[in-house]
Amino acid sequence: MSPLLEIESATVEFGGLRAVDALDLRLEEGEVVALIGPNGAGKTTVFNAITGVYPLSRGAIRFAGKPIHNLPTWRTNRLGIARTFQNIRLFRNLTAFDNVIVAFNRRARRDVGGTLFRTAAAEARRREIFKQAGELLDWLGLADAAETCSADLPYGKQRRLEIARALATKPRLLLLDEPAAGMNAAEKADLAILLDRLRGELGLTLLIIEHDMKMVMANCPRIVVLDHGQKIAEGAPVEIQRNSDVIEAYLGEKPKEN
Amino acid sequence: MRTLRNNLGLLAFIGLAGLLELVFRHELDPYYYKILVDVGIAVTLAVSLNLINGITGQFSLGHAGFMGIGAYVAASLSTLGIVPALARAGCPPALEGLVLALSVGVAVVVGGVCAALAGLAVGVPTLRLKGDYLAIATLGFGEIIRTIILNTEAVGGPRGMSGIQPLSSFFWVWAWAGICVVVIWRLAHSVKGRAFYAIREDEFAAAATGVDTTRYKVIAFVLGSFFAGVAGGLLAHSATGYINPSQFDTLKSIEIVVMVVLGGLGSISGTVIAAVVLTVLPEALRGFADYRMVAYSLLLILIMLTRPRGLMGAREAFHVWKRLPQ
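Rules behind the numbers
- Residues numbered from 1 in each chain as written.
- Chains lettered and ligands numbered in written order.
- Predicted model: local features only at pLDDT ≥ 70, side-chain atom pairs only at ≥ 80, totals over all residues.
- Heavy atoms only, no water.
- Pairing = 2+ DSSP bridges.
- Helix = DSSP H or I, 4+ residues; strand = E, 2+ residues; numbered from the N terminus.
- 1 Å grid on protein atoms, 1.4 Å probe; cavity = no way out; pocket = protein on both sides within 12 Å on 5 of 7 lines; lining within 4 Å.
- Points joined across faces, edges and corners; volume = space filled by probe spheres on them.
- Contact = heavy atoms within 4.5 Å.
- Buried area = accessible area lost by both parts, 1.4 Å probe.
- Salt bridge = Lys/Arg side-chain N within 4 Å of Asp/Glu carboxyl O.
- Axes fitted to C-alpha atoms, helices over the stretch in contact; angles between N-to-C directions.

1. Some thoughts on the pairing of strand E1 (residues 5-14) of chain A
All names here are of chain A. The pairing of E1 with strand E2 (residues 17-27) spans seven bridges and is antiparallel. For Glu6, the partnering residue across the bridge sits in E2 and is Arg26. Here E1 folds back onto E2 in antiparallel fashion, the turn holding two residues, of which Gly15 has a positive phi close to 60°.

2. Topic: empty space enclosed by the protein
Residues and elements named next belong to chain B. Using the criterion set out here, one finds six cavities of 30 Å³ or more in the structure. Approximately 100 Å³ is the volume found for the largest cavity. Taken together, Ala101, Val104, Gly105, Val108, Leu167, Ser168, Trp172, Trp176, Leu234 and His237 make up the lining of the largest cavity. Within the residue set of the lining of the largest cavity, elements represented by two or more residues are helix H5 (93-126) and helix H7 (170-188). The leading source of residues in the lining of the largest cavity is H5, at four residues.

3. Side note on the interface of chain A and chain B
On the chain B side, the residues contacting the 37 residues of chain A number 31 residues. Interface area for chain A against chain B, summed over the two sides, is near 3000 Å², with a carbon-plus-sulfur share of 60%. Counting the surface chain A buries against chain B, the share from its top three residues, A:Trp74, A:Asn105 and A:Arg118, is 20%. On inspection of chain A and its partner chain B, the count reaches two salt bridges. We note a salt bridge from B:Arg194 to A:Asp98, for which the minimum N-O separation is 3.5 Å.

4. A word on the sheet that holds strand E8 (residues 205-209) of chain A
All names here are of chain A. The mixed open sheet is built from six strands, whose spatial order is E6-E7-E8-E3-E9-E10. Since the sheet does not close on itself, it has two edges, and those belong to strand E6 (81-83) and strand E10 (230-235), each with one partner. The sheet shows a mean angle of 20° between the axes of neighbouring strands, direction not considered. Bridge analysis of strand E9 (residues 222-227) against E10 gives five bridges, and the strand direction is antiparallel. Its bridge partner being in E10, Val224 is matched across the sheet by Glu234. Those strands touched by helix H7 (residues 185-200) are strand E3 (32-36), strand E7 (173-177) and E8, and its axis lies near 150° from that of E8.

Just geometry here; none of it tells us what the structure is for.
Here it is as structure tokens:
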């Protein structure tokens, strides 16, 4: 069995700047892995490389055994990789419901005649998709927000809606970029439950960028630490907490005792 | 049965246009008849541009160019091809009118198809440009089309083409306007069609959601160009039977953009209303004589000041009704 996601000495360069430096990372199906590191460590760049935004200057990324590092973003999504964004990127002038409907693009059948003439069969398929979209919103506790313009939703619901939209594409791997950012304690508790359901009920593989260490330590059995584009540590939460390289990356060098 | 019922509205609309045609042709003053035809053409132009500019968010300033292609292709086909061919073949007089109308109808569609092909040829390379750059590229395209027509003697060059069969009746123009509105409405409101709005809102997020953004932008451009071409063909065959290159200049493109912006980018019903208002307004303001265009411009400024997002914003007319207190 090859791993679901396999990143092999991937390097991303912007001019002279090496944002990601020979990164190796493997995710098995069903795993929940956190990607942490100080600001500017290259975490989001890793997400962007996986989803085909930036080309690799060296290395390879494989998803379910297939190389994906040369594919455009929309193709990576169709293969089963969905993501959310650090600074929420919803379709702001569309309702919550329509945000999710966009993500059904792949599952909707291409039927020009049926669409233009609203044939009975095409209308039945459309209703079926609307039903599924409604169920998905319901599953995420967004049923009452369906007809609200997404920009008008409270912050926590916007984050949830981004996850709903990602789920509507039926992914196998979900990349969450700082899902807890800006959330209060209650919202964070809800998010922890949601993460658990994503893995438990949907069997998703999760790769999570997060700064909230409590959240990370409690929910992610494996943690990968990035600093200056390089992986400096990898392991279970307890190991990471004790790792001196990690502490140094976050807090700076320990002052010499004399 | 259901399928038929779902299309009854459009069929009824086309039927009504046919009935009104029978009445208007003899009873209505030709001046008002012409305005009604102009309004129908404007609706087709504005709604088709709304698909590109408003719904998909790709700012095009070349719509008049596509209109020009449709106008000249359809007019050339009918004037240089169909009419002489019919004269040679010697059609029985009873059928001549019908055959002529049908073949001109085909010529208008061919004009639309040519405009769509031009849209494909222009769209594929330019749609990777964004915002201002796309606007300038499409502006350039429109000017190129106009210049080509201006320098083609076969279609009259700067003198234009005259003697085109005046067959674009109220019926044809409004039937096409109805088809244009229904096609674009249904496309934009289908599950896959929501991708057009998504591209306008956030192209990158749309791609990350599995939308082949390039494909949808090209579809919007090609379909919008098709209807612009059809509108051009209808214009060429309207009562004056005369077209010239200056009818398809950048000013015309801007006029259509103004309709879309005024109606509300992305609002189909808003665009229809704006197309009607902006076509009727200059006529209604004839009382101001020399100050007509000043009054027109002032009204535009006034509307944009009071409703900066257009008459409808991004909403549709019935959304507003739903919000009214019952």
